[in-house]
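So you can see what is in the structure, the chains are spelled out below.
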Amino acid sequence: MKKNYVLAMVLSFVVLCAYIFVQTKFIDPKIKTQPTQESDKVEQTIEVNEVSSDEENEVQISSAEETEIVEVKEEKIDFATDKLHVTFTNRGGDITSIELVDHKDNKTKSFVQMAENVTDYNRAFSLSLGSNDKNIVDDFFMVKEFPKDENGIKKIVFAKKYKDFTLIKQYSFLESEYAFKLDVIIEGNEGFKGLNFDGKDGVKVAYTLRSSPQIGPLYDPKLDRYENRTFLVHDGKKFKKIGLGEKQYKKYGKEVTWAGVGGKYFCELIYAPKNENIQDVWYATPRSHFDLANAQVFVERKAITERRTSDTYYIYVGPRNENDLKVYSVAENNGWKLKDTKIIDALQTNTFLSWLVKFFRWMMKIIYKFVPNWGISIIIMTVILRIAMFPLTLKSSLGTLKMQEIQPRMNALQNKYKDNPQKLQEETAKLYKETGYNPMSGCLPLILQMMALFAMFDLFNNYFEFRGAGFVKGWIDDLSIGDCLLTWKVTLPFVGNCLRILPIIYLFSQLFYGKITQMGGAGAGAAASPGTMKFMTYGLPVLFSFMFYNAPSGLLLFWTISNIIQMGQQLIINKVMAKKKAEKGESKPEIKKFPKKGKRR
């Protein structure tokens, strides 16, 4: 019995020593990311004072000489400004909710939520010690709020003291700004050797800062055809956006000044003034624990070797519109005195036609000043555009007519010189010169029209001012979503549970326009087979009306008014072309009239 007792004591001592060795060797408290227990916890009390992000100043954190047993539990802290309503948790010093108090979600009818799909494992602006695939820091932090200072800045500070260092996250807010500041501070103890963890591809990483799991409004790529999520990134010189699909997980691999996620009307951007400390940026779209679509950015910080470091990030969480983004281009226009951030490039209309979109946006604003209704402004803008493009449309149609005139001679040349391409090219050039036909007379006007129409599509589909703007009360109450005259409980395929009138009007305008164009005889499908012509005249409009049934009403209003105007213009073009044909002797032969037979005598 005594032998067994002695053996048990020896084994217990060996296990205890092994446990202590493993605990100190492999489970370093400084990278522990699991939450502490609420009971039987000896917590060192930390006095949290306001922290300066200036590296020359010392972090003012003092520890009580004595330790005391405290009950640790999760605490939610509400924080509000004129623009944002933010909810923090003391777990990791993270954000669990960011509401834009000036904007409503069309689906939920509540404030737009910019921290969607938050879970215990994935919160907004949480940190992972090491690369982005590591668990987020989930320990309980000490927290302290500070009143507004002389510059109007309100701060909330989270601090956690580990074995070798103290981790501090300080958030700073201004009342009328969508951008807030996040300072991540590492204050090492004596002998601290930094944060230097193995990342992917052999790089060294100190920590990873992540954006919200998903931004609002509430979004599902399987259902929301006219919403989107894109990865937005800027290197200080060039802007790039990458469409985000399902289940992506990719490294950007280039220099970054700011990066984030953009939706159709809102965006979340992380701007690093000292971008030389950024190791890399990753973007990912995994499904959340609730099977909801995430769209998230991970900013990896280079390895830290100094005893004390302070990293500053400015985070823009707000509308993706010109008025709110451009203020961070000029220091005098924002409270943070930021300049040349280039976040204005995050505008949705940043395409190769952005110059044309900006011109049309400028025109829309001028029209709205005189007619303060965005629906009427769309109609006026469409009328102006169609009148301006009418000479190009007429020239394109006349060019098509000219081509029809010389087509028989072209066919003869092609048959004669089918084995001699060089000779065919020479004879074709002579034919063009002889007849005065310019091949570009039909193509160039068409290209210019398409550029204008694509720019208008981009403008009307993404124009932030249309969001919540009504046209006809009770029918079109929001130009950024489909119109709705009547709703029902049953959800029907393609149609949903709402009767929309604009797609029906659009369908009839397309059908009539197709018939009128066909009457002209010089349309693009004039030489097509009867079956193809029927499909283009009747099938395509019906197909498009179902595709665009849930399109934003501002966009459909533009298309419908454009079709109606084009019908009138096409009638004019048909008359001009008929006159031209008559001049060329191509009019229909007159029907001979026979004298009436007289009565038989």
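Before any of the text, the structure's been laid out above.
Per-chain numbering applies: the sequence of each chain, read as written, is numbered from 1 onward. The predicted nature of this model means local features are confined to residues of pLDDT at least 70 and side-chain atom pairs, given and counted, to a pLDDT of 80 or more, with totals for whole chains, interfaces and linings taken over all residues. Side-chain metrics in this entry use all non-hydrogen atoms of the structure; hydrogen atoms and water are not considered.

A. Spotlight on the side chain of Arg229. Here a helix means four or more residues in a row that DSSP labels H or I, a strand means two or more in a row labelled E, and each is numbered from the N terminus. With respect to the helices, strands and loops of the structure, Arg229 is situated in the loop between strand E15 (204–210) and strand E16 (230–234). Buried means the residue's accessible area, taken with a 1.4 Å probe over protein chains only, is under 20% of the maximum for its type, while exposed means over 50%, and partly exposed covers the values in between. Look at Arg229 and you get buried, because its relative accessible area is 4%. Nitrogen and oxygen atoms within 3.5 Å of one another constitute a polar contact, given that in protein one can donate a hydrogen and the other can accept it, and given that sequence-neighbouring residues count only through two side-chain atoms. A polar side-chain atom of Arg229 sits 3.0 Å from the main-chain carbonyl oxygen of Ile215. Note on contacts: a residue pair qualifies if any of its non-hydrogen atoms lie within 4.5 Å across the two residues. If near-sequence neighbours (up to four positions away) are discounted, Arg229 is found in contact with Gln214, Ile215, Gly216, Pro217, Tyr219, Gly243, Leu244, Val261, Gly262, Gly263, Lys264 and Ala295.

B. Representation of the sheet that holds strand E8 (residues 111–113) within the structure. By this definition, two strands are paired if DSSP reports at least two bridges between them. The four strands are arranged E5-E6-E7-E8 in an open sheet whose pairing can be described as antiparallel. Both outer strands of the open sheet, strand E5 (76–80) and E8, are each paired with one neighbouring strand and no more. Averaged over all neighbouring strand pairs, the angle between strand axes comes to 25°, with direction disregarded. Across six bridges, the pairing between strand E6 (residues 84–89) and strand E7 (residues 94–104) is antiparallel. Among the inter-strand pairings, His85 is bridged to a residue of E7, identified as Glu99. Note on method: axes are straight lines fitted to C-alpha atoms, helices fitted across the in-contact stretch only, with angles between N-to-C directions ranging 0 to 180 degrees.

C. Seen up close, the packing of helix H4 (residues 374–416) against helix H9 (residues 553–583). Where H4 meets H9, the axes come as close as 8 Å, and the angle between the chain directions of the two elements is 30°. Considered as vectors, H4 and H9 are oriented roughly parallel to each other. The chirality of how H4 crosses H9 is right-handed. Between 65 and 115 degrees an angle is taken as roughly perpendicular, under 35 as roughly parallel, over 145 as roughly antiparallel, and anywhere else as oblique. When the near helix sits turned anticlockwise from the far one by under a right angle, the crossing is termed left-handed; a clockwise turn instead gives a right-handed crossing.

D. The arrangement of the pairing of strand E21 (residues 278–284) in detail. The buried fraction of E21 is high, at six of seven residues. Relative to strand E22 (residues 296–302), E21 is paired through six bridges, and the arrangement is antiparallel. The partner of Asp280 across the bridge, within E22, is Glu300.

E. Looking closely at the environment of Tyr432. Relative to the helices and strands, Tyr432 resides in helix H5 (residues 421–435). Along the sequence, Tyr432 and Ile406 sit 26 residues apart, while their C-alpha atoms lie 8.7 Å from each other. When near neighbours in sequence (up to four residues on either side) are disregarded, Tyr432 contacts Ile406, Met410, Tyr437 and Pro439.

F. Layout of empty space enclosed by the protein. In this analysis the probe radius is 1.4 Å and the grid spacing 1 Å, with only protein atoms considered; a cavity is a set of points the probe fits into but cannot get out of, a pocket is an open set with protein on both sides within 12 Å along at least five of seven lines, and lining residues have an atom within 4 Å of a point. Grid points are joined across faces, edges and corners, and a volume is the space filled by probe spheres set on the points. What the rule picks out here adds up to two cavities of 30 Å³ or more. Its boundaries defined by the atoms lining it, the largest cavity holds a volume of some 130 Å³. Around the largest cavity, the lining is made up of 15 residues, and of these Leu347, Arg361, Asn462, Tyr463 and Phe464 lie nearest the centre. Among the elements of the structure, helix H2 (322–325), helix H3 (354–370) and helix H6 (440–462) are those that each provide at least two residues to the lining of the largest cavity. With three residues, H6 is the largest single contributor of residues to the lining of the largest cavity. Put simply, Ala, Val, Leu, Ile, Met, Phe, Trp, Tyr, Cys and Pro go in the nonpolar bin, Asp, Glu, Lys and Arg in the charged bin, and everything else, Gly too, in the polar bin. In terms of residue class, the lining of the largest cavity is made up of four nonpolar, five polar and six charged.

G. Region of interest: the pattern of salt bridges. Just to be clear on terms, a salt bridge is a Lys or Arg side-chain nitrogen sitting within 4 Å of an Asp or Glu carboxyl oxygen. Applying the stated criterion across every chain yields a total of 23 salt bridges. The salt bridge partner of Asp138 is Arg91, with a shortest N-O separation of 2.6 Å. Within this pair, whereas Asp138 is found in the loop between strand E9 (127–129) and strand E10 (142–146), its partner Arg91 is found in the loop between E6 and E7, the two being separated by 47 residues in sequence. By the burial criterion, Asp138 is buried, and Arg91 matches it. Here the salt bridges share partners, and the residues they tie into one network are Glu74, Lys76, Arg91, Asp94, Asp120, Arg123, Asp138 and Lys169.

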